[in-house]
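Residue strings, one per chain:
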Amino acid sequence: MASDRMASDSMASDRKVGHGAVWAVLGQGTGQVLSLLLFLVIARFVSKESFGLVSVSLATIEVARRVLIDPLTQVVTAKPGVTDRDFNFCFFVVVVVAGTLALILFFGAPWISAMIGTPAAADTLHILSAILLAFGLSATHGAWLVRGLQFRALALRSVASVIAGGVVGIGMALNGYDLWSLVGQQLTIQTVSVITLWYGTSWRPTLAFSWREGRGSVGQAAHIATSAIWTSIALDADIFFASAFFGLTAAGVYNAGKRIMLAANMLLVNTISAVAMPTFANIGRHQDRGPAFLNGLRLTSAMTAPAFAGMAATAPLLVRVILGERWSDVSLIITALAASGYALSIGQFATSILLVQQRPHLDSLTSAVAAIVNVTTFFMVLRFGPVALAATVSATTIGVLPVRLRFAMRELGIRWGQIVQVLLPSLVAAGVMATVLIVIRAMLPALPPPLGLGIQIPLGMACYALAMRLVSPALFQESSRAVGQLLKRRRVSPS
């Protein structure tokens with residue numbers, strides 16, 4: 001009887017994780033597709049300089065959020081046996097921190113913009129500082145939903161906020177507001193996000209918490225914040241370098257490429273992270289996390305390796321189709337950044353394990369290494385231009401990945417041979433696919449870009465599937481079953 005009850009509980013947990021994964025994919029996927037489509041529309045009415053200016057401003061805000069707002073919510077999300085008192089403490093601390101940051105950015109915009117080498121960003125920073133307060137008001141609610149694997153509410157929030165922001169942004173762009181249409185879009189997205197998150201969450205903050213109970217969480221958050229400082233340098237320094245050394249027009253082109261890569265990262269990497277952390281946290285037995293980690297890596301690589309390899313191989317056609325000839329230089333940035341997207345997807349699994357295992361300082365150390373290597377090499381390649389800068393991002397991200405993996409492997413007792421075994425098949429198959437696509441593109445240079453892309457996408461999918469079946473029949477069958485289950489769940493709307 002007891003074993004039957006345990007099996008039943010396990011199956012119920014698996015179903016909940018599965019439904020959560022579906023809604024995470026649907027939410028991130030739909031939100032990112034809509035966001036990308038709206039970006040592509042607005043890009044035809046807004047100057048490259050404006051995109052460069054807003055990208056620098058948003059990168060500055062993102063650094064503040066990642067360093068001082070996200071750490072405490074990550075601690076709560078990964079904490080075993082989390083209670084409402086933990087969420088209450090998290091909410092009030094995050095709101096105070098976010099409000100303080102918003103005031104600092106509001107009054108210090110001229111000084112901060114000069115410090116990052118883009119004085120022209122002062123006006124946009126001045127207004128966009130309100131986004132930080134929105135982050136503070138919604139971050140804990142998002143963490144509460146993630147911990148409960150309630151991704152449906154997050155999915156609806158994502159779609160609603162992106163649509164509302166798109167309506168405002170496109171409307172302002174069509175009326176000639178240029179830069180300010182981008183600002184209006186971002187403010188609308190965050191406002192709607194706060195409203196929908198509060199509406200879609202049954203939890204409400206109360207004063208039922210104590211500082212003494214929360215000090216441990218603050219200490220762990222400090223470790224994550226230290227890691228986030230280095231992570232921000234590693235992930236966002238290229239945007240600041242592009243604007244400061246190449247000018248706002250080049251920064252606009254660079255950001256457009258990174259924006260498209262970000263959509264892919266958000267769809268794939270952030271979805272993986274959103275599901276992985278609470279899943280690992282809910283695995284009670286330490287010895288069960290190792291097999292889950294390896295299985296997750298195998299499936300993650302099977303999804304992300306062909307996605308990023310395909311983007312790199314088809315970038316010239318892709319950019320001409322979705323952005324037009326005016327933005328053709330963006331394709332070189334996408335190709336150069338593609339490898340970093342794959343490395344981030346694999347590294348995110350290692351980060352989730354380190355946080356669940358209460359080892360945030362190890363993740364911080366790895367991020368510090370990545371940041372130092374990035375900044376050092378950026379100065380060395382600046383004279384070669386923005387494409388070299390993007391290629392350096394990929395090279396350093398791949399170079400530091402083994403360090404992050406090694407820390408996670410040590411926690412779980414995993415060997416390098418096991419890592420190679422789960423990653424190599426999809427990498428080989430993705431390499432074969434990319435090679436075939438590049439050769440086909442060279443053979444068919446006269447085709448219109450939409451037709452060429454229409455041929456290459458299904459051809460690439462078929463080539464990858466065939467190569468995967470030859471290299472690893474077992475993984476091919478497992479991936480096919482996973483895709484089949486996902487499509488089945490999409491037809492039957494989960495609740």
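Everything here concerns the structure above.
Calculation rules
Residues numbered from 1 in each chain as written. Predicted model: local features only at pLDDT ≥ 70, side-chain atom pairs only at ≥ 80, totals over all residues. Heavy atoms only, no water. 1 Å grid on protein atoms, 1.4 Å probe; cavity = no way out; pocket = protein on both sides within 12 Å on 5 of 7 lines; lining within 4 Å. Points joined across faces, edges and corners; volume = space filled by probe spheres on them. Helix = DSSP H or I, 4+ residues; strand = E, 2+ residues; numbered from the N terminus. Expected span 1.5 Å × (residues − 1). Bend = angle between axes of the 7 residues up to and from the residue. Buried < 20%, exposed > 50% of the residue type's maximum accessible area, 1.4 Å probe, protein only. Core = buried A, V, L, I, M, F, W, Y, C linked by side-chain atoms within 4.5 Å. Contact = heavy atoms within 4.5 Å. Axes fitted to C-alpha atoms, helices over the stretch in contact; angles between N-to-C directions. Parallel < 35°, antiparallel > 145°, perpendicular 65-115°, else oblique. Left-handed = near helix turned anticlockwise from the far one by under 90°. Nonpolar A, V, L, I, M, F, W, Y, C, P; charged D, E, K, R; others polar. Phe/Tyr/Trp six-rings, centres within 6.5 Å; stacked < 30°, edge-to-face > 60°. Lys NZ or Arg CZ within 6 Å of the ring centre and 35° of its normal.

Draft legend 1. Quick peek at empty space enclosed by the protein. This structure, assessed with the given rule, holds three cavities of 30 Å³ or more. Volume-wise, the second largest cavity comes out at about 60 Å³. Lining the second largest cavity are L317, I440, R441, L444, L447, G452, I455 and Q456. The set of elements that each furnish at least two residues to the lining of the second largest cavity consists of α15 (416-443) and α16 (449-471).

Draft legend 2. Highlighting helix α6 (residues 130-147). When the terminal C-alpha atoms of α6 are compared, their 27 Å separation across 18 residues agrees well with the 26 Å that a helix rising 1.5 Å per residue should span. In the structure, α6 departs most strongly from a straight axis at S138, where the bend amounts to approximately 35°. When you tally the buried positions in α6, you get 15 out of 18 residues, the bulk of the element.

Draft legend 3. Spotlight on the nonpolar core. Ranked by internal contacts, the top residues of the largest apolar core, which has 80 residues, are Y254, F293, L297, L323, V330, L405 and I419. Considering every element that reaches this core, the biggest residue donor is helix α11 (residues 286-322), with 14 residues. Setting aside chain neighbours within four positions, we find Y254 in contact with D238, I239, A242, I333, L337, P386, L389, A390 and V393. Formed by 37 residues, the second largest nonpolar core is a distinct cluster that contains I69, L105, I112 and A143.

Draft legend 4. Up close: the packing of helix α12 (residues 330-356) against helix α14 (residues 386-412). In the contact formed by α12 and α14, the axes pass within 8 Å of each other and the chain directions differ by 15°. If you check the angle between α12 and α14, you find them roughly parallel. Both α12 and α14 take part in a crossing whose hand is left-handed. Residue composition of the contact of α12 with α14, grouped by class: 23 nonpolar, five polar and two charged.

Draft legend 5. Geometry of the packing of aromatic side chains. A full pass over the atoms with the stated rule returns 10 aromatic pairs. Aromatic pair F245 and F379: ring centres 6.4 Å apart, planes at 85°, arrangement edge-to-face. In this pair, F245 sits in helix α9 (residues 211-246) while F379 sits in helix α13 (residues 360-381), placing the two residues 134 residues apart along the sequence. When its relative accessible area of 48% is taken as the criterion, F245 is described as partly exposed. Among the residues examined, F379 registers a relative accessible area of 52% and is labelled exposed. Through a chain of ring-to-ring contacts, three or more aromatic side chains come together here, namely F87, F91, F92, W198 and W203. If you follow K48 out to its NZ or CZ, it ends over the ring of W327, 5.6 Å from the centre. Directly above the ring of F135 sits R65, whose terminal nitrogen or CZ lies 5.6 Å from the centroid.

Everything listed here is a matter of geometry and, on its own, says nothing about what the molecule does.
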